[in-house]
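Structural overview for review
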Amino acid sequence: MPHPFPILNEQKQPHAWAIAPNASALKSLAQGIWSCAKQTNQRPLVVLSTAGPLMGVRAALEKYRPKDLPSHIAFLPQVMSFNDWLEAAPGAWKFPKKQTDLERWLSVYATLRKHKQLQAWFKAETEAGSWGLAQAIIAACDTLSNSIAPSLQQELLKLISNQAELVTQNTQSWIETLEPLLDRTIAQAYPALARKVVDQEAQVLLTFWRYITTPSDPAFRKQFAMATHLEAAKKTSEASAKPLNTRPLIWVETADPTPIDKQLIQGYLADYAQYARAVEVTMNWESVALWAEAFNPSTPEEQKLQSIQTNISNAHPEHWHLIAAKRFEELAWATAKTIEQQLINGKTNIALVAQDRLVARRARALLARLGPSLKIQDETGWKLSTTRAAAALNSWLELLRAPSEGPSAADLLEFLQNPFLDLGRCLNPNSTRDAESLKGLVAQLEDILIASQAKSGWETFHMAIEGSVAHGSAAPNPLLLELLQSIRGRLNRWRGVKINCALAHQYLMDDLIQMGMTQGLEKDSAGKQLLELLETFDFDVEHQQITMRLNEWLSLLKTVIEESSYEEKGVSAVATLSILPLSSTRFREFESIVMVGCDEQQLPAFSEPPLFFSDALNRLLGGSSIEAQFIQQARDLSQLLISFPSVDLLWQSKSKSGEPLRPSAWIQRLQIDLPNWQVQNASALFAPRSGTAAPSQMAIATLDADLPMPVSMSPSAYKALRDCPYRYYVRSLLGLRKLKGFEEGFDASLAGQTLHKILRNFYHAMKSEAQKTSSPINNDPELRRAWMQDQLTLISEQVFKRLIEGDARVLGVLRDWQKQIPSFIQWQLDREAQGWQFYDAEVKVGFDLPFKDVDGNERHIRIEGYADRFDVSIHDPKAASVIDYKNQSLTKVEWRSEVVLDDPQLLIYARASNESKKIPGRAVNAAEWVALKADVKKGGDEAGRSVVIEEMPELMQAFSDQITEDVQSLWSGKPLKAFAPDSVCQYCEARGICRKGMW
């Protein structure tokens, strides 16, 4: 039976009223508040212990407003949350200045800097962990301050009339009051064997509490506010002719308070009742409890069992559904499907109780497909750090952390690709440039850096941009270098500067403005909140001058962003889905409830005691204990099942390791009392689909008539055509490329390009030296060997120097190459002994290949590429040779020689040189590959390094016939089949398209 609202008499003590937290709880509460208004003929002040039910209580008061009320109480009673009521305290402007959480963290930091003993205790803390430690210390100090609040309540009432005395004289008295209390609780909580450890822990905490506790702390500001409210009630009562004529106070306990808070509130209500009527509204859990844990501990066991049976029989378990899913993704889909079905059934106000937050977030992403017709409100504390605005800011902070040599390419590209960056402002804002010149700028930079595997360092990035032209690519946008210089200049401003909070905040805001990010963030909902958060770093003078290392300040900034919640914009929609924790369902109205995470591991869920506190010590200090959390969740789940017309309980029946998971023990116990309560498999929510398997066939491409045919072909493109026509079709005709990233270590292709550049510079230097008539290398073989080895070593170090400055890991590649130098010099001397002389390197050569298309028309296609090196014979004035370097072992090069016609790179260069007369008066009639990774024996210069192509004339003729036939076949539009061997398919970019392995 519901308890009626009490008759308010003239007693000078608070009235107690308990309501059942069931479906009619809001109605009962609203009617009780109106009853209070009519009995007292006053407009009551209603204070809720939490803010969650605020709007629901106001709506219920409006809905159940009695008729024929006197005009002076016809307005809604004033309904406030406890925190809002404290902030509205009369004379609050006289209180000590309220400190933000951020300023309190800095106070802990400054305290650590001032006191050597504390520094010694926490010297091993990392930058990231130090701010978390500061939070824990503040939370622990607040717990201690709260623990003595009731004992200070009467003292504060006596001192409230003397503000100066209150502010200046009480901090030390609080400390003196706390020390014996803490000693007493420690002695009760810990065994004597552990006393030494506990004493040190207590000493650390008390030392911090002594140094950082001020009258502006929340625990004491709360006392000031409550005292001034009470003083105002006293003055109003004294001014009134009739006793207890002050407006009544109704305290609504929407959640079970901690013991210390309960003691504080009950003491306050008892004092308030001396001047006005006070009503304490609590929850009558016995009327909804479904488990023994939800009852008052003093309730007899027989009464508990009887009440449970009565509550179950009065409920509607036919509307409770149990759904189990085997995997995480299946559970998320089942959650989304359940909510979707509720919407189809006409429900417009649904709650998703996120006992498992990961599943709830995934379900939210799936429900986003429903579009703007469904409004999703996340009340579980969606972190601001998860928004794209925070990610954009974090990309700049990561650049600030980079070493002076330069950031990683991944960090640089992540910053440049953030949607809030204005490239035009990031470059020189005073210069005039059109938007067209900025299009594709970042994409081009990414292509260049990935192609060259330039992983980190400003010098490496510059070399990659400068070297992109040398390999036949289109000239890069000249703005690329200007962009790098602009970013580097902004980062250099932070280098070598002694940072304090004011300077760091100023620099950061200047950066965001100059790079155009501020303007973009202001147009974004999360971006606006982020900018407002950054403004909180504009501290008072005391905190502005606190100096710290840059990494410490950045860690502080990231911690603040991580602790901040993102508030979504409200929009109108056909239906609303509220994602909320279990505790937030009290005094709320929903048409249906979907709860995820109802397995034995997540229901109930507990939060660990604060740092420095065990559960026993926390309990003795009057804080929240694990036992209290357990009881509160049992009560919350009971009222959820009793209060709402439709409840779906979902859980994952298998853990990540594959172990079976059962539903929560509370659910299992209900199943015993409800034998017909069956668990539904999540797979039943999805309509079965049927289909006939169709085995994949070999991929065959038929050229579209509108597809343009190639008018030029590189040696690598022709090799792709020989390897697999389908691969050539995908890469060269369709232009599809695998999205590449930055690989671990130093990329082999970049190493090869670097060695090619070294050898080109070396041979040109040797050719210039040989033209000097006085040079000793022309006459003395030993001097020639020494000069060549010194020059090649010097040039190698010069070329690698810039790479090493950007990425120190490249040093290993240089060392490997330096081991090859003596053997390579010996090979060069042996080749000169055979009569070959260096002619030129990195030469672009090509020829026009005539052929007939399918209609018999004469056509030409350009075949061209870059030859690594040409040599000429000193014995035969008409002979020349072409060489191609391979940054591979000799074994792999020998494999190439076995399939020359399928890899005819040297044959192409030979024919191109001969037809274009690249070497006047000479014909290339010899070719060979040179391995740059020869098997060098320890201490020896001898190593096999080159592989010569034999029978050049025959191979040249066969190659000419082959390439003509292949090009004619391509232009004729014949099907391009995927028939390559496994050795080619293993690293083929088109394998995901041709689906080899499926047929």
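The numbers attached to residues start from 1 for each chain and follow its sequence in the written order. Reporting of local features is limited, given that this is a predicted model, to residues whose pLDDT is at least 70; pairs of side-chain atoms are given and counted only at 80 or more, and all residues count toward the totals for whole chains, interfaces and linings. Hydrogens and waters are ignored; side-chain quantities use all the structure's heavy atoms.

1. Things to note about a nonpolar patch on the surface
Patches here are clusters of residues that have more than 30% relative accessible area and form no salt bridge, with a 9 Å joining cutoff for like charges and a 5 Å cutoff for nonpolar side chains (Val, Leu, Ile, Met, Phe, Trp, Tyr). We get accessible surface area from the Shrake-Rupley algorithm with a probe of 1.4 Å; when it comes to residues, only the shown protein chains can shield them. Salt bridges are defined by distance alone: a side-chain nitrogen of Lys or Arg within 4 Å of a carboxyl oxygen of Asp or Glu. Side chains of M698, I700 and F979 sit close together on the surface and give an oily, nonpolar patch of about 280 Å² of accessible area. A run of H or I in DSSP counts as a helix once it spans at least four residues, and a run of E counts as a strand once it spans at least two, with each numbered from the N terminus. If you trace the backbone, M698 turns up in the loop between β12 (679-681) and β13 (700-701).

2. Let's talk about the pattern of salt bridges
Should the charged atoms of two oppositely charged side chains come close, the side chains can pair. Overall, the coordinates contain 33 salt bridges when judged by the stated rule. Between D966 and R722 there is a salt bridge, and its shortest N-O distance comes to 3.0 Å. With D966 in helix α37 (residues 952-971) and R722 in helix α30 (residues 715-723), this pair connects stretches of sequence that are 244 residues apart. Overall, the relative accessible area of 16% leaves D966 in the buried class. Linking D903 and R896 is a salt bridge whose minimum nitrogen-to-oxygen distance equals 2.4 Å. With a 1.4 Å probe rolled over the protein chains alone, any residue whose accessible area is under 20% of its type maximum counts as buried; one over 50% counts as exposed, and the rest are partly exposed. Judged by relative accessible area, R896 falls into the buried class, the value being 18%. The network of salt bridges with shared partners includes R490, R493, D510 and D511.

3. Concerning helix α12 (residues 259-272)
For α12, with 14 residues, the first-to-last C-alpha span of 20 Å sits near the 20 Å given by 1.5 Å per residue. Among all positions of α12, only I260, L264, I265, Y268, L269, D271 and Y272 are buried. Each buried residue of α12 sits inside an arc of 160 degrees when the element is viewed along its axis, so together they form one side. Expected span of a helix, by definition, is 1.5 Å for each gap between consecutive residues, and there is one gap fewer than residues. Throughout, the arc means the angular range of directions from the helix axis out to the C-beta atoms.

4. Quick notes on the sheet that holds strand β10 (residues 592-596)
Sheet architecture is open: seven strands sit in the order β8-β9-β7-β10-β11-β6-β12, paired in parallel fashion. In this open sheet, the two edge strands, each paired with only one partner strand, are β8 (374-378) and β12. Strand-to-strand twist of the sheet, defined as the mean angle between neighbouring strand axes without regard to direction, takes the value 20 degrees. Two strands qualify as a pair provided DSSP detects at least 2 bridges between them. Sheet topology places strand β6 (residues 320-325) next to strand β11 (residues 647-652); six bridges connect them, and they run parallel. Within β11, the position partnered with H321 by the bridge is D648. The sheet strands contacting helix α28 (residues 626-643) are β6, β7 (349-354), β10 and β11, and the helix crosses β11 at an angle near 135 degrees. As a rule, the C-alpha atoms of each element are fitted with a line to give its axis, helices using only the stretch in contact, and angles between N-to-C directions run from 0 to 180 degrees. Residue contacts are counted whenever heavy atoms from the two residues lie within 4.5 Å of one another.

5. A word on the nonpolar core
With 107 residues, the main nonpolar core has W85, W396, F415, L416, I487, L508 and W553 as its most contacted residues. Within the second largest apolar cluster, 58 residues are counted, among which are V843, V845, A910 and L970. Definition of nonpolar core: a set of buried residues of the types Ala, Val, Leu, Ile, Met, Phe, Trp, Tyr and Cys, connected through side-chain atoms within 4.5 Å.

6. What about the confidence of the model for the protein?
Note: pLDDT gives the predictor's confidence per residue, expressed from 0 to 100. Overall, the prediction assigns the protein a mean pLDDT of 81, with 85% of residues at 70 or greater. Taken element by element, the protein is modelled with least confidence in helix α8 (residues 163-169), mean pLDDT 44, and with most confidence in β10, mean pLDDT 94. In the model, residues 189-197 has pLDDT below 50 throughout and makes ten contacts with residues more than four positions away in sequence or in other chains.

7. Brief notes about the pairing of strand β1 (residues 15-19)
Burial along β1 is one-sided: H15, W17 and I19 are buried, while A16 and A18, pointing the other way, are not. Bridge count for β1 against strand β5 (residues 276-283) is five bridges, and the pairing is parallel. For I19, the partnering residue across the bridge sits in β5 and is M283.

8. Considerations on helix α15 (residues 357-367)
Inspection of α15 places V359, A360, A363, R364, L366 and L367 among the buried residues, and these make up the whole buried set. Projected down its long axis, α15 shows its buried positions confined to an angular sector of 160 degrees, all on one face. Looking at the buried positions of α15, the neighbouring elements they touch are α14 (328-344), β7, β8, β9 (575-580) and β10. The distance from a side-chain oxygen at the start of α15 to the backbone nitrogen of L358 is 3.2 Å, and the residue carrying that oxygen is D356. In the analysis that follows, any N or O atom pair within 3.5 Å is treated as a polar contact, provided that within protein one partner can donate a hydrogen and the other can accept it, and provided that, for residues neighboring in sequence, both atoms belong to side chains.

9. What about the packing of aromatic side chains?
Any two of the Phe, Tyr and Trp rings considered here, Trp counted by its six-membered ring, make a pair once their centres fall within 6.5 Å; the pair's planes then place it as stacked at under 30 degrees, edge-to-face at over 60, or tilted in between. Applying the stated criterion across every chain yields a total of 21 aromatic pairs. Considering the side-chain rings of F82 and W251, the 5.3 Å spacing of their centres and the 90 degrees angle between planes classify their relative orientation as edge-to-face. Of this pair, F82 sits in helix α3 (residues 82-87) while W251 sits in strand β4 (residues 246-252); the two residues are 169 residues apart in sequence, bridging distant segments of the chain. Judged by its relative accessible area of 12%, F82 falls in the buried class. The buried category is assigned to W251, whose relative accessible area is 7%. In textbook terms, an aromatic cluster arises when at least three aromatic residues are bridged by ring pairs, as seen for F82, W85, W251, Y268 and Y272. To sit over a ring, a charge needs its Lys NZ or Arg CZ within 6 Å of the ring centre and within 35 degrees of the ring normal. It is K767 that lies over the ring of Y839; its NZ or CZ is 5.1 Å from the centre.

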